[in-house]
Amino acid sequence: TNLLRKRRSGLLPLLIRSAAAMSVSHSSRLNKGVREQYMKLPQGEKVQVTYVWIDGTGEGVRCKTRTLDQEPKTIDEIPEWNFDGSSTHQAEGSNSDMYLIPVQMFRDPFCLDPNKLVMCEVLKYNRKSAETNLRHTCKKIMEMVNDHRPWFGMEQEYTLLGINGHPYGWPENGFPGPQGPYYCGVGADKVYGRDVVESHYKACLYAGIKICGTNAEVMPSQWEFQVGPCEGIDMGDHLWMARFILHRVCEDFGVVATLDPKPMTGNWNGAGCHTNYSTESMRVEGGLKHIEDAIEKLGKRHDYHICVYDPRGGKDNSRRLTGQHETSSIHEFSAGVANRGASIRIPRQVGQEGYGYFEDRRPAANCDPYAVTEALVRTTILNETGSETKDYKN
């Protein structure tokens, strides 16, 4: 009856628009046409370079921008910089300056050419790596195994939230229908936020990210994009920058992308970062034997990998890896052909052809790709065992 009165009074469309507006940020509702007027202004020979780095949480990304006098052609032409680590959970106020070391350069899809985005490592005041700078050791390990040519492809799942923290597009005071029609779905009643996804895809292509696909996931408002194949250290560089671009695109639309491995409790899928991996010997005829050998090594080091595969030593993944919702149990290691309920999945085509790659389904959506790829290499190529990592001296 109340709904009918509101419809007759003309209040219902207003209420619907109000509810929709409440789910996006205030800044996203600013007049973007006015912004575009300024973005078209010429900038002469000057170039904006945005430095991107991982903060002290091991999950968040930060950025700041400076002007260079001319367009940098290589990463070596971009100078080191610094920032206040006491404001990013990376230093104390009494000794807060930290160094930004440029390591990978991309085109800027927000300010456009000739402007740049730059992935950076973070060093402390004494020039030693910050605690969350896991790239430093990853690069060292990748250089050691360069002859094996390790390839990676990572499938980044994420969930879109309104600014109120509720999954975007879900009923304000309830839940959508059960999972089933949403995976790779089409239609306004099955997918939410495709504008964000397609904008992110195009922005990544423009930037030079090795993004290779995207799709709607099993839980409504959950999406996935894939990056790869990337060799060695490039995997972490490209995925981290793709994450930065995702958060930046979401900022424009006024929504939030969360990488929480289990954003909704109950009968809803969690979010992972399935990691596809191969070495050169796995990718040639007879490679299945090398894949099986690698899986055997991983099985003997399950606890170590679980500790590495999320920023909290496995606590985040314990909410996700329950043995349900297309996951394996966090307490057991398993492997199988075409089995999405196993720790390691060998694609059916690989099993039939006898070579290719395998998929580690354990990494959480909020994992650090530097840590994941380094761990895979340490176990399968460097033959490390146990819970400790070996320190390789130069």
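Residues numbered from 1 in each chain as written. Predicted model: local features only at pLDDT ≥ 70, side-chain atom pairs only at ≥ 80, totals over all residues. Heavy atoms only, no water.

## Points about helix 6 (residues 234-253)
For helix 6, with 20 residues, the first-to-last C-alpha span of 29 Å sits near the 28 Å given by 1.5 Å per residue. When you tally the buried positions in helix 6, you get 15 out of 20 residues, the bulk of the element. G254 lies just past helix 6 and shows a positive phi near 85 degrees. (Helix = DSSP H or I, 4+ residues; strand = E, 2+ residues; numbered from the N terminus. Expected span 1.5 Å × (residues − 1). Buried < 20%, exposed > 50% of the residue type's maximum accessible area, 1.4 Å probe, protein only.)

## Remarks on the nonpolar core
Counting residues in each nonpolar core, the largest one holds 69 residues, and the members touching the most others are M119, Y158, I209, M241 and I245. With ten residues, the top contributor of residues to this core is helix 6. Three or more residues apiece are contributed to this core by two domains, here domain 1 (27-132) and domain 2 (141-381). Not counting chain neighbours up to four residues away, the residues in contact with Y158 comprise V197, S221, Q222, W223, E224, F225, L246, A257, T258 and L259. (Core = buried A, V, L, I, M, F, W, Y, C linked by side-chain atoms within 4.5 Å. Domains from an automatic or database assignment. Contact = heavy atoms within 4.5 Å.)

## Points about empty space enclosed by the protein
In total, this model carries two cavities of 30 Å³ or more according to the counting rule given. Taken as a whole, the largest cavity encloses approximately 60 Å³ of empty space. As for the largest cavity, its lining consists of I54, M119, C120, E121, V122, T132, N133, L134, R135 and Y370. The greatest single-element share of the lining of the largest cavity, amounting to four residues, is contributed by strand 5 (residues 116-123). Broken down by class, the residue content of the lining of the largest cavity amounts to six nonpolar, two polar and two charged. Computed from the structure, the second largest cavity encloses a volume of approximately 40 Å³. Y182, K190, V191, Y192, A216, E217, M219, P220, S221, Q222 and W223 together form the lining of the second largest cavity. (1 Å grid on protein atoms, 1.4 Å probe; cavity = no way out; pocket = protein on both sides within 12 Å on 5 of 7 lines; lining within 4 Å. Points joined across faces, edges and corners; volume = space filled by probe spheres on them. Nonpolar A, V, L, I, M, F, W, Y, C, P; charged D, E, K, R; others polar.)

## Here's the deal with the UniProt feature "domain: GS beta-grasp" (unreviewed entry) in the protein
The positions UniProt marks with the feature "domain: GS beta-grasp" (unreviewed entry) are residues 47-127. Helix makes up 0% of residues 47-127 and strand makes up 48%, while its end C-alpha atoms are separated by 28 Å. (UniProt positions renumbered as here; feature names shortened; annotations may be inferred.)

## As for the pattern of salt bridges
As a working rule, side chains carrying opposite charge can pair if their charged atoms are close by. What the rule picks out here adds up to 25 salt bridges. Among the ionic pairs, E121 bridges to R135, the shortest N-O distance being 2.9 Å. Placement of E121 in strand 5 and of R135 in helix 4 (residues 135-144) is noted, with a sequence separation of 14 residues between them. Exposure class is identical for E121 and R135. Each is buried. Here the salt bridges do not stand alone but share partners, grouping E59, D260, R312, D316 and R319 into one network. (Salt bridge = Lys/Arg side-chain N within 4 Å of Asp/Glu carboxyl O.)

## What about the domain arrangement of the protein?
Domain parsing of the protein yields domain 1 (27-132) and domain 2 (141-381). With centres defined by C-alpha atoms, the gap from domain 1 to domain 2 works out at 26 Å. Contacts between the two partners involve 24 residues from domain 1 and, on the opposite side, 24 residues from domain 2. When domain 1 packs against domain 2, close to 2000 Å² is buried across both sides, 66% of that on carbon and sulfur atoms. (Buried area = accessible area lost by both parts, 1.4 Å probe.)

## Comments concerning the packing of helix 5 (residues 194-207) against helix 6
Running from N to C, helix 5 and helix 6 point in directions that differ by 135 degrees, and their axes come no closer than 9 Å. The angle between helix 5 and helix 6 falls in the class oblique. The interaxial crossing formed by helix 5 with helix 6 has right-handed handedness. Contacts between helix 5 and helix 6 involve D195, V196, S199, H200, A203, C204 and A207 from the first element and A242, I245, L246, V249, C250 and F253 from the second. Tallied by class, residues from the contact of helix 5 with helix 6 come to ten nonpolar, two polar and one charged. (Axes fitted to C-alpha atoms, helices over the stretch in contact; angles between N-to-C directions. Parallel < 35°, antiparallel > 145°, perpendicular 65-115°, else oblique. Left-handed = near helix turned anticlockwise from the far one by under 90°.)

## Description of the pairing of strand 7 (residues 211-216)
With five bridges connecting them, strand 7 and strand 8 (residues 222-231) associate as antiparallel partners. Across the sheet, T214 pairs through a bridge with F225, a residue of strand 8. Counting the residues that bridge the hairpin from strand 7 to strand 8 gives five residues, and of these S221 lies at a positive phi of roughly 80 degrees. (Pairing = 2+ DSSP bridges.)

## Looking at the packing of aromatic side chains
One pass over the structure, following the stated rule, counts eight aromatic pairs. Pairing Y158 with F225 gives two aromatic rings, centres 6.0 Å apart and planes at 55 degrees, and the pair type is tilted. Separated by 67 residues along the polypeptide, Y158 in strand 6 (residues 151-161) and F225 in strand 8 bring together distant segments of the chain. Under the relative-accessibility criterion, F225 is labelled buried at 1%. A centroid spacing of 6.4 Å and a plane angle of 20 degrees characterise the contact between F175 and W268, whose relative ring orientation is stacked. Highlighted residues: F175 in the loop between strand 6 and helix 5 and W268 in the loop between strand 9 (256-258) and strand 10 (273-278), separated in sequence by 93 residues. One aromatic cluster is present, formed by F152, Y277 and F358 through successive ring pairs. For R107, the ring lying beneath its charged end belongs to Y206, and the centroid distance is 3.9 Å. Note that R301 overlies the ring of Y304, its terminal NZ or CZ placed 3.8 Å from the centroid. (Phe/Tyr/Trp six-rings, centres within 6.5 Å; stacked < 30°, edge-to-face > 60°. Lys NZ or Arg CZ within 6 Å of the ring centre and 35° of its normal.)

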